[in-house]
Amino acid sequence: MSYLEDTIDWQAIHYVDEWLDSKSSQEYKDQDLAQDWARISKIGEELGEAIQAFIGATGQNPRKGLTHGMDEVLDELADTAITAIFAIQHFTKNPHDTKNIIRNKIAKIEQRARKSS
């Protein structure tokens, strides 16, 4: 899976994870599990934005009509995916481990797909 190595700057993932942790308020840092919950909850927030963009891109809300384009949907989906990667990194604190978790998940899904073909 050299694609992951070629397309994702894993040191940047580590840097942004540290930056996110450093920007949390002390009150947040002092609460057990608060940052963990925040990282996981943020994925749901981003997913909600992707859903909202898709509804807007497909005109599913008759009161609002078309409010988004597919480029916005794709951007929100990318936000959701990268937020999930940052959540994994938050727990591993190791870009190599984060990469391996993602690589192994992709390999498992690919194996299932090949078996069902």
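Each remark here, short or long, concerns the structure printed above.
Residues numbered from 1 in each chain as written. Predicted model: local features only at pLDDT ≥ 70, side-chain atom pairs only at ≥ 80, totals over all residues. Heavy atoms only, no water.

J.: Quick rundown of the side chain of Ser-24? Include the residues and the values.
T.: You can see Ser-24 is positioned in the loop between α2 (10-22) and α3 (26-29). Of note is the side chain of Ser-24, whose polar atom sits 3.4 Å from the backbone oxygen of Leu-20. Side chain to side chain, Ser-24 and Gln-35 meet in a polar contact 2.8 Å long. (Helix = DSSP H or I, 4+ residues; strand = E, 2+ residues; numbered from the N terminus. Polar contact = N/O pair within 3.5 Å; in protein donor to acceptor, adjacent residues only side chain to side chain.)

J.: So what's going on with α2? Which residues, and what values?
T.: Three or four residues apart is the spacing at which side chains of an α-helix point the same way, because the helix has 3.6 residues per turn. Taking 1.5 Å of rise per residue, the 13 residues of α2 would be expected to cover 18 Å, and the 19 Å separating its terminal C-alpha atoms lies within 8% of that figure. Among the residues of α2, Trp-10, Ile-13, His-14, Asp-17 and Asp-21 are the ones counted as buried. An end-on view of α2 places all buried positions within 100 degrees of arc, on one side of the element. Opposite the buried face of α2, by more than 90 degrees, sit the exposed residues Gln-11 and Tyr-15. For α2, the capping residue at the N-terminal end is Asp-9, with a side-chain oxygen 3.2 Å from the backbone nitrogen of Gln-11. (Expected span 1.5 Å × (residues − 1). Buried < 20%, exposed > 50% of the residue type's maximum accessible area, 1.4 Å probe, protein only. Arc of directions from axis to C-beta.)

J.: How would you summarise the packing of α2 against helix α5 (residues 70-92) if you had to cite specific residues and measurements?
T.: For any two helices packed against each other, the geometry is given by the interaxial angle and the distance between the axes. Between α2 and α5, the shortest axis-to-axis distance is 9 Å and the interhelical angle comes to 75 degrees. Comparing the axis directions of α2 and α5 gives the class roughly perpendicular. Between α2, through Trp-10, Ile-13, His-14, Val-16, Asp-17, Leu-20 and Asp-21, and α5, the contact on the second element is made entirely by Ile-82, Ile-85, Phe-86, Gln-89 and His-90. Across the contact of α2 with α5, the residue classes break down as 7 nonpolar, 3 polar and 2 charged. (Axes fitted to C-alpha atoms, helices over the stretch in contact; angles between N-to-C directions. Parallel < 35°, antiparallel > 145°, perpendicular 65-115°, else oblique. Contact = heavy atoms within 4.5 Å. Nonpolar A, V, L, I, M, F, W, Y, C, P; charged D, E, K, R; others polar.)

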